[in-house]
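Understanding the architecture of this molecule
Okay, here's what each chain looks like letter by letter:
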Number of protein chains: 2
Amino acid sequence: MKMAIYGYGNLGRGVECALRQAPDARLTGIYTRRPPETVTPVFDTPVYHIDDLPAHRDEIDVLILCGGSATDLPRMTPDMARLFNVVDSYDTHATIPTHFANVDAAAKEGGTVALISAGWDPGMFSLNRLYASAVLPEGRDYTFWGRGVSQGHSDAIRRIDGVVDARQYTVPIQAALEAVRSGANPDLTTRQKHLRECYVVAAEGADTARIEREIKTMPNYFADYDTTVTFITPEEMQRDHAGIPHGGFVIRTGVTGAVGEHKHTIEYSLKLDSNPEFTASVLVAYARAVYKAYCRGEKGCKTVFDIPPADLSPLSAGELRRTML
Amino acid sequence: MKMAIYGYGNLGRGVECALRQAPDARLTGIYTRRPPETVTPVFDTPVYHIDDLPAHRDEIDVLILCGGSATDLPRMTPDMARLFNVVDSYDTHATIPTHFANVDAAAKEGGTVALISAGWDPGMFSLNRLYASAVLPEGRDYTFWGRGVSQGHSDAIRRIDGVVDARQYTVPIQAALEAVRSGANPDLTTRQKHLRECYVVAAEGADTARIEREIKTMPNYFADYDTTVTFITPEEMQRDHAGIPHGGFVIRTGVTGAVGEHKHTIEYSLKLDSNPEFTASVLVAYARAVYKAYCRGEKGCKTVFDIPPADLSPLSAGELRRTML
């Protein structure tokens, strides 16, 4: 399989690395909107301008889209699906149905296969919500995120006057996790589920009390949560908060039996040192599945719900049955 | 969907209960090798003799096979796949390829869809091994079972002279779980992974020291494990060990990045009050998927690896994208 990358930020770099772990894939190029000579790949991957994409169609079985969900993917994925098999990590849950419809129309027009919303949430977490609810229909599920860096919340803090840098960690609250695992089916408020930990570098002489107040009262982002704010030095930021870890939990509890007398708990969790690199690894596995679907003559938009698990693996069906079933 | 049950032990009873949670399925009958009047269903399900199966083909879209893996399913599944869409919980890992080949030939001959080895291991655990290894190719996975009742080990103890009743729990060793979660990729011996806890009711006057020695030195079953033996009264057995709980963990740790510098942990776990009822719930979800595949014109034997997750749910593709992705 010949793979290519569109967009070269943290996610694109992650895909470049992840493709080296795929025995059946070859990375033929990185495509960027920037002048290619200004982009330095991790390995010796050729870098091209996106204007070269149409001319390189023979070199690309699947194009892995590494743009952002806010502004890039809503246009990039349908545009590219007219020309290429594609996979993206579109993660704005509320607008997935619209994105799906747009990409489906484009892929059917182009005779290609497109898979949207691969990653871990949406992605692996979605799969676990689906499997668990299908197996335990009388039950309830809960998703917790973290401990991990929220880019959106970190950016929101950085926009406050007097803030030089900021890192925000979303932290699941242990008591809520335990209540869910117990099968008590608690109704949890936003505040009861997650804590927000903020590490802030303030400008010299800035009013830290005002910054802390502005963070804690910021609507949507922080006002509904218990939030801690810790001021640190630029050196501490560099030393202790350079990574982009994340993770979380999908837990479903349900009952079976003649009168629901037996409880069951299904729990899936991720602990990730690098959020973008793990997302990239999921994208690569689904790029493989997209290519298999295309080779079978399928067309249109798909999600992780539509892909037979075997399609994610480089192993044959017989090898999988022998070694993993 | 019209569903029927073949075989009415703990698993068959579990399927009868699980089908009441399926909004899109109707249970049309329980089929047994025993005289039907000797079988008492949990609800008011009609009970028939298996000889009636061929005459009832119009009443059965999928036949859910609830026989045992040792002697029933190797013949039952291919025999029934010639006449019906079927699903089974065949769980002898080593002989799955043979069973698959036999069932595949029969299902293709009959023009039916058969799904084998649904349950939790094989089944949900297998899916998690596959997904995790596809996403983190450079890694290692571990499966732990328990805390739960092993029927095979309990039976082995019961065969010892002087034993009236016995219950054996397989218990994962916490230190091993922690070592695996840390990403240390430990090489673990059989003894380091699981403990075997035995509760035994001895006959009056029996030599308990001899019984304990015979258990602890029993090859294959106990000799390779740290085993505890506790003698209890019949009343304690009844009071404290009447359930059939089980569960376990599938953990994969792996690395990503330019030089494998980032670690990731994927963990899936089950905590089940009733092993047979949870297995039954998985069987019912896969029976739904079998029927969908049959309606699309597919034929032959499948496993959980071949089924698109969406097929397990009674919800439409659009509803799933809107509510679970």
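Residues numbered from 1 in each chain as written. Chains lettered and ligands numbered in written order. Predicted model: local features only at pLDDT ≥ 70, side-chain atom pairs only at ≥ 80, totals over all residues. Heavy atoms only, no water.

So, the overall build of chain A
Per the secondary structure count, chain A includes eleven helices and 14 strands. Relative to a compact globule of 325 residues, whose C-alpha radius of gyration would be 20 Å, chain A shows 22 Å and is just as compact. Projecting the C-alpha coordinates of chain A onto the three principal axes gives extents of approximately 65 × 60 × 35 Å. Partitioning the intrachain contacts of chain A with sequence separation of at least 6 by distance along the chain shows that 68% fall at a separation of at least 24. Carbon and sulfur atoms form 49% of the exposed surface of chain A, whose accessible area is close to 13200 Å². Here chain A contributes 34 positively and 41 negatively charged side chains, and the mean placements of these two sets differ by 4 Å. (Helix = DSSP H or I, 4+ residues; strand = E, 2+ residues; numbered from the N terminus. Rg over C-alpha atoms; globule rule 2.2 N^0.38 Å. Contact = heavy atoms within 4.5 Å. Areas by Shrake-Rupley, 256 points an atom, 1.4 Å probe, with all protein chains shown as cover. Lys, Arg positive; Asp, Glu negative; His and termini not counted. Charge placed at Lys NZ, Arg CZ, Asp CG, Glu CD.)

Brief notes about the pattern of salt bridges
Inspection of the entire model under this criterion finds 42 salt bridges over all chains. With a shortest N-O distance of 2.8 Å, arginine 147 of chain A and glutamate 197 of chain A are connected by a salt bridge. Of the two residues, arginine 147 of chain A sits in the loop between strand E7 (139–145) and strand E8 (148–149) while glutamate 197 of chain A sits in strand E10 (residues 194–202), which places them 50 residues apart along the sequence. Classification of glutamate 197 of chain A as buried rests on a relative accessible area of 16%. For aspartate 165 of chain B, the salt bridge identified is with arginine 167 of chain B, shortest N-O distance 3.8 Å. Residue classification places aspartate 165 of chain B among the partly exposed residues on the basis of a relative accessible area of 21%. (Salt bridge = Lys/Arg side-chain N within 4 Å of Asp/Glu carboxyl O. Buried < 20%, exposed > 50% of the residue type's maximum accessible area, 1.4 Å probe, protein only.)

Looking at the interface of chain A and chain B
Opposite the 63 residues of chain A that make contact, chain B presents 63 residues. A buried area of about 5500 Å², summed over both sides, lies between chain A and chain B, and 65% of it is on carbon and sulfur atoms. Linking chain A with chain B are zero salt bridges, by the criterion used here. Our count for the contact surface shared by chain A and chain B stands at 29 residue pairs in polar contact (both at pLDDT 80 or more). Elements with a minimum of two residues in the side of chain A that touches chain B: helix H3 (96–110), helix H4 (124–135), strand E12 (246–256), strand E13 (262–272), helix H10 (275–295) and helix H11 (317–323) of chain A. Considering only residue class, the side of chain A that touches chain B consists of 35 nonpolar, 16 polar and twelve charged. The pairing of E13 of chain A with strand E13 (residues 262–272) of chain B spans nine bridges and is classified as antiparallel. Bridged to histidine 264 of chain A within E13 of chain B is leucine 272 of chain B. (Buried area = accessible area lost by both parts, 1.4 Å probe. Polar contact = N/O pair within 3.5 Å; in protein donor to acceptor, adjacent residues only side chain to side chain. Nonpolar A, V, L, I, M, F, W, Y, C, P; charged D, E, K, R; others polar. Pairing = 2+ DSSP bridges.)

A few points about the pairing of strand E10 (residues 194–202) of chain B
Along any regular strand the residues' side chains alternate between the sheet's two faces. Residues and elements named next belong to chain B. For E10, the buried fraction is high: seven of the nine residues fall into the buried class. For strand E9 (residues 163–172) and E10, the ladder comprises nine bridges, and the chain directions are antiparallel. Bridging from a neighbouring strand, arginine 167 pairs with tyrosine 199 of E10. As paired elements, E10 and strand E11 (residues 226–231) share six bridges and run parallel to each other.

With respect to the packing of helix H2 (residues 73–81) of chain B against helix H3 (residues 96–110) of chain B
All names here are of chain B. Their axes nearest at 7 Å, the elements H2 and H3 cross at an angle of 20°. When the interaxial angle is binned, H2 and H3 end up roughly parallel. The chirality of how H2 crosses H3 is right-handed. For the pair H2 and H3, the contacting residues are Leu73, Pro74, Thr77, Pro78 and Ala81 in the first and His99, Asn102, Val103, Ala106, Ala107 and Gly110 in the second. Broken down by class, the residue content of the contact of H2 with H3 amounts to seven nonpolar, four polar and no charged. (Axes fitted to C-alpha atoms, helices over the stretch in contact; angles between N-to-C directions. Parallel < 35°, antiparallel > 145°, perpendicular 65-115°, else oblique. Left-handed = near helix turned anticlockwise from the far one by under 90°.)

A closer look at the sheet that holds E8 of chain A
All names here are of chain A. The four strands lie next to each other as E8-E9-E10-E11, forming an open sheet whose pairing is mixed. Bordering the open sheet on either side are E8 and strand E11 (226–231), each of which pairs with just one other strand. Sheet strands touched by helix H8 (residues 208–216): strand E9 (163–172), E10 and E11. Its angle to E11, the strand with the most contacts, is close to 150°.

Observations regarding unusual backbone geometry
Peptide bonds are mostly trans, and most non-glycine residues show a negative phi. All names here are of chain A. The step from glycine 146 to arginine 147 runs through a cis peptide bond, and the omega angle for that step is 0°. One non-glycine residue with positive phi stands out, namely asparagine 220, at about 65°. Within the secondary structure, asparagine 220 is located in the loop between H8 and E11. According to the relative accessible area criterion, asparagine 220 is exposed, its value standing at 66%.

Interpretation note: all reported values are geometric properties and have no functional meaning in isolation.
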